[in-house]
Amino acid sequence: MPDSQDTAKQFSANIDKAQAEIWHTLFPYLPATPENLAQIQPRRTATKRYIPNEEIPPILEFDITPNRPLVLNTLRLWRLAQYHLYFINTPNITINTTHLDFGNDIQDNRYERKTLGKFTFRGCAFTEITMGLCDFEELHFYDCVFNGKVILKDCHFQKLEFQNCVFESSIAFDRIIFENKAFFIHSTFKDSASFRHSQYMQGANFSQSIFMQKIDCTEVRFQDFANFTHTTFKDYADFSQCEFEKTANFYGAKFEKAPNFSQVQFKGSLNAVNMDLDFGFETLREKIKAEYELSKQQAAPRAGKVLELQFHKSLASIANDFRDSFRNFKNALIKENNNLDASEFHK
């Protein structure tokens, strides 16, 4: 049986090896000096005794506290997939798909879809995040600030969590598959937010978040509980063509402009208790006109002046979308025998 001194040496060797690997992956052009390696610390140490011939396990969880800006790319994260890394109070992080690294093992796998590991960011500030075609095991953000755009498209997430975060710029989570419950809670979105054509297989939680600009959830499928409790929508919220397979919870949600729930399917129950529709008819009419003008602008580059009318919606069609929104809410509540709340959607 290895004595305590041998065990300590083996653990120390395991830690040294992991620290060096992590450092050279995160900062491939900087030396692995003792001062630099001190920025990578294990989250736990061994306390158990080992039986004869038992292998001492590697240390896989590390706190990362870099004292310089950090640039991560898909390939670097992929090389660290075996670890669960915790980035603490890092002030300047960029994550993108730019390929900065060299070496046969990197180049041979450059264009394959990448399966990434577990990463947690706490109290960090991000310059930009742009990624695609990635499968994440776990990705957590707590008390973080995103100063630039966040673009994640065509990705799969086993676990994704944002808590108490601030998004200063626009975000896009389009064509994403969330295999477990996704959390976007207690967060503020100051610019536009897009979740188009995504799928939440085990539920989604947006409770107590604030969307200050447009949120686009067109054709999103919520296969489990969808929670928008006390969520505030200060601008246009587009949930058109969504599917809510189970409970859609909008308890205490506040819409300061008319939302679009046209062609939505509420297959489960709808909770609209204390939902605040804080807009009047004049606001709704202005929104219909604005959507009409936007439709014309989007159609003109494609069709030209001659065929423009074939591609953009009429005023009547846009007005019917909003009418259909209120009808969907009303019918879903009547199905739940909630005639009192259904009466609020007579507009």
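Since the structure is predicted, the reported quantities are computational estimates derived from the model, not experimental observations.

Analysis parameters
- Residues numbered from 1 in each chain as written.
- Predicted model: local features only at pLDDT ≥ 70, side-chain atom pairs only at ≥ 80, totals over all residues.
- Heavy atoms only, no water.
- Helix = DSSP H or I, 4+ residues; strand = E, 2+ residues; numbered from the N terminus.
- Contact = heavy atoms within 4.5 Å.
- Areas by Shrake-Rupley, 256 points an atom, 1.4 Å probe, with all protein chains shown as cover.
- Core = buried A, V, L, I, M, F, W, Y, C linked by side-chain atoms within 4.5 Å.
- Buried < 20%, exposed > 50% of the residue type's maximum accessible area, 1.4 Å probe, protein only.
- Pairing = 2+ DSSP bridges.
- Salt bridge = Lys/Arg side-chain N within 4 Å of Asp/Glu carboxyl O.
- Disulfide = S-S within 2.5 Å.
- pLDDT = per-residue confidence, 0-100.

Novice: Just checking my understanding: could you explain the overall build of the protein for this structure?
Specialist: Within the protein, the regular secondary structure consists of seven helices and 32 strands. Of the contacts formed within the protein by residues at least 6 apart in sequence, a portion of 34% connects residues at least 24 apart. Here the protein has roughly 17100 Å² of accessible surface; of this, 48% comes from carbon and sulfur atoms.

Novice: Is there a simple way to think about the nonpolar core in this case?
Specialist: One broad trend across soluble globular proteins is that nonpolar side chains are buried collectively. Judged by nonpolar contacts, the single largest core of 78 residues is most densely connected at Phe121, Phe141, Phe173, Phe184, Phe195, Phe244 and Phe250. Every residue in contact with Phe195, bar those within four places of it in the chain, is listed here: Ile171, Phe173, Asp174, Phe184, Tyr200, Phe206, Phe211, Ile215, Asp216, Cys217 and Val220.

Novice: Help me understand the pairing of strand S14 (residues 171-174), please; the structure alone is not making it clear to me.
Specialist: On any regular strand, side chains alternate: one points to one face of the sheet, the next to the other face. Residues Ile171 and Phe173 point to one face of S14 and Ala172 and Asp174 to the other, with burial holding for every one of them. As paired elements, strand S10 (residues 150-153) and S14 share four bridges and run parallel to each other. Each bridged residue has a counterpart across the sheet, and for Ile151 the counterpart in S14 is Ala172. As judged from the two bridges shared by S14 and strand S18 (residues 193-194), these two strands associate in the parallel manner. Each residue of the ladder has a partner; that of Ile171, found in S18, is Ala193.

Novice: Honestly, the side chain of Thr232 in this entry has me stumped. Any pointers?
Specialist: Positionally, Thr232 belongs in strand S25 (residues 232-233). Leave out the neighbours within four places in its chain, and Thr232 touches Ser209, Ile210, Phe211, Lys254 and Glu256.

Novice: Would you explain the pattern of salt bridges in this entry?
Specialist: Side chains that differ in sign of charge can pair as their charged atoms come close. Enumeration over the complete set of coordinates arrives at 15 salt bridges. Taking the shortest distance from any N to any O, the salt bridge between Asp63 and Arg43 comes out at 2.4 Å. Taken together, the residues Asp63 in strand S2 (residues 61-64) and Arg43 in the loop between strand S1 (40-42) and S2 connect sequence positions 20 residues apart. According to the relative accessible area criterion, Asp63 is partly exposed, its value standing at 24%.

Novice: Can you help me understand the state of the cysteines in this one?
Specialist: When the sulfur atoms of two cysteines share a covalent bond, that bond is a disulfide. Scanning all chains against the criterion turns up zero disulfides. Cysteine Cys134 is unpaired, with the sulfur of Cys155 as its nearest cysteine sulfur at 4.9 Å. For the unlinked cysteine Cys217, the closest cysteine sulfur is that of Cys242, found at 5.8 Å.

Novice: Please clarify how the environment of Met212 should be interpreted in this entry.
Specialist: Tracing the backbone through its elements, the reader meets Met212 in the loop between strand S21 (210-211) and strand S22 (215-216). Classification of Met212 by relative accessible area gives partly exposed; the value is 35%. Taking the C-alpha atoms as reference, Met212 lies 9.1 Å from Tyr236; in sequence the two are 24 residues apart. Non-local contacts of Met212, meaning those with residues more than four positions away in its chain, are made with Thr188, Phe189, Lys190, Lys234 and Asp235.

Novice: What is the right way to look at the confidence of the model for the protein in this model?
Specialist: Detailed reading of the predicted model is not advised wherever pLDDT is low. For the protein, the mean per-residue pLDDT works out to 82, and 71% of the residues sit at or above 70. Across residues 100-108, where pLDDT falls below 50, the model places 16 contacts with residues more than four positions away in sequence or in other chains. Across residues 303-310 the pLDDT falls below 50, and counting only partners more than four positions away or on other chains, this stretch makes six contacts in the model.

Novice: Hey, could you run me through the pairing of strand S16 (residues 182-185) in this one?
Specialist: Relative to S16, strand S12 (residues 160-163) runs parallel, the two sharing four bridges. Its bridge partner lying in S16, Phe162 is registered against Phe184. Bridge analysis of S16 against strand S20 (residues 204-205) gives two bridges, and the strand direction is parallel. Looking across to S20, one finds that Phe183 is bridged to Asn205.

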